[in-house]
Amino acid sequence: MTSPLSDHEETVTRIGELFRVHGYSGTSLSQITEATGKGKGSLYHFFPGGKHDMAEQVLAQVDAWFAQHVFDVLNHAAPPRDAIGRMFAAVDTYYRAGRRACLMGAFAQESATREQFARRINVFFRRWIIALRDMLRRTGIEGGRATYLAEDTVAAIQGALVVSQALETPRLFGRMMERAAATLLDALPE
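All figures in this text were calculated on a predicted structure; none of them were measured in a lab. (Residues numbered from 1 in each chain as written. Predicted model: local features only at pLDDT ≥ 70, side-chain atom pairs only at ≥ 80, totals over all residues. Heavy atoms only, no water.)

**Topic: the side chain of Thr 36**
Part 1 of the argument: Within the secondary structure layout, Thr 36 lies in helix H2 (residues 29–36).
Part 2 of the argument: Here Ile 32 takes part through its backbone oxygen, which lies 2.8 Å from a polar atom of the side chain of Thr 36. (Helix = DSSP H or I, 4+ residues; strand = E, 2+ residues; numbered from the N terminus. Polar contact = N/O pair within 3.5 Å; in protein donor to acceptor, adjacent residues only side chain to side chain.)

Structure below.
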């Protein structure tokens, strides 16, 4: 067993990595105790709602990271080309250049899990799309076109992540990220 973690954030991070690898339904309490070094009593002290509470905190941690490194950048960074570059750099870092699964996407793929966390997953992807759309609108791109570009970009990133992992080809993720960034940059008014 791993030495018990004293940092709650690190405990949440380790649980999140288990959920990424095994899925919410496929992650057992024994795997969680092994990865965190915490006994069942300690886990239930920090997560009174059990595994559901763990997942809520993991998803909140993911959301907070994206809020700081992606959504806020799109909402506040200028010029737009810098915001786009910073968004793609952050996404590449977070997903470890295509080697790390999207936890929100993984939860969305399991029907029972999706039902439990549907609102949180929906809000996460909508926040990303809206932040990107609004940044594009501030450049003068019309409403509908900005929405389509934002949706296409997030879908391209998520799709590239899934396919690159399925094919065990992380460079595919990098290529798709470059194309998605180029599409956005080309769409910006001069």
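**Focus on helix H4 (residues 51–76)**
Part 1 of the argument: When the terminal C-alpha atoms of H4 are compared, their 35 Å separation across 26 residues agrees well with the 38 Å that a helix rising 1.5 Å per residue should span.
Part 2 of the argument: Along H4, the largest kink reaches about 45° and is centred on Ala 67.
Part 3 of the argument: Buried within H4 we find Met 54, Ala 55, Val 58, Leu 59, Val 62, Asp 63, Phe 66, Ala 67, Val 70, Phe 71, Val 73 and Leu 74.
Part 4 of the argument: Buried residues along H4 sit against helix H1 (8–26), H2, helix H3 (40–46), helix H5 (80–94), helix H6 (103–109) and helix H7 (111–138). (Expected span 1.5 Å × (residues − 1). Bend = angle between axes of the 7 residues up to and from the residue. Buried < 20%, exposed > 50% of the residue type's maximum accessible area, 1.4 Å probe, protein only. Contact = heavy atoms within 4.5 Å.)

**Structural notes on the UniProt feature "domain: HTH tetR-type" (unreviewed entry) in the protein**
Part 1 of the argument: Under the local residue numbering, the UniProt record ascribes the feature "domain: HTH tetR-type" (unreviewed entry) to residues 17–57.
Part 2 of the argument: For residues 17–57, helix accounts for 78% and strand for 0%, while the C-alpha atoms at its two ends are 13 Å apart. (UniProt positions renumbered as here; feature names shortened; annotations may be inferred.)

**Observations regarding the packing of aromatic side chains**
Part 1 of the argument: In this structure the tally under the stated criterion is 17 aromatic pairs.
Part 2 of the argument: Centroid distance Phe 124 to Phe 125: 5.0 Å. Interplanar angle 80°. Geometry classified as edge-to-face.
Part 3 of the argument: An aromatic cluster is defined as three or more aromatic residues linked by ring pairs; in this entry it consists of Trp 65, Phe 66, Phe 71, Tyr 94, Tyr 95, Phe 124, Phe 125, Trp 128 and Phe 173.
Part 4 of the argument: Positioned above the aromatic ring of Tyr 94 is the side chain of Arg 100, whose terminal nitrogen or guanidinium carbon lies 4.4 Å from the ring centre. (Phe/Tyr/Trp six-rings, centres within 6.5 Å; stacked < 30°, edge-to-face > 60°. Lys NZ or Arg CZ within 6 Å of the ring centre and 35° of its normal.)

**Some words on unusual backbone geometry**
Among all residues save glycine, negative phi is the norm, and among peptide bonds the norm is trans.
Part 1 of the argument: Backbone geometry places Ala 97, a non-glycine residue, at a positive phi of 55°.
Part 2 of the argument: Here Ala 97 is to be found in the loop between H5 and H6.
Part 3 of the argument: Its identity is not glycine, yet Glu 168 carries a phi of approximately 55°, on the positive side.
Part 4 of the argument: Relative to the helices and strands, Glu 168 is located in the loop between helix H8 (143–166) and helix H9 (170–187).

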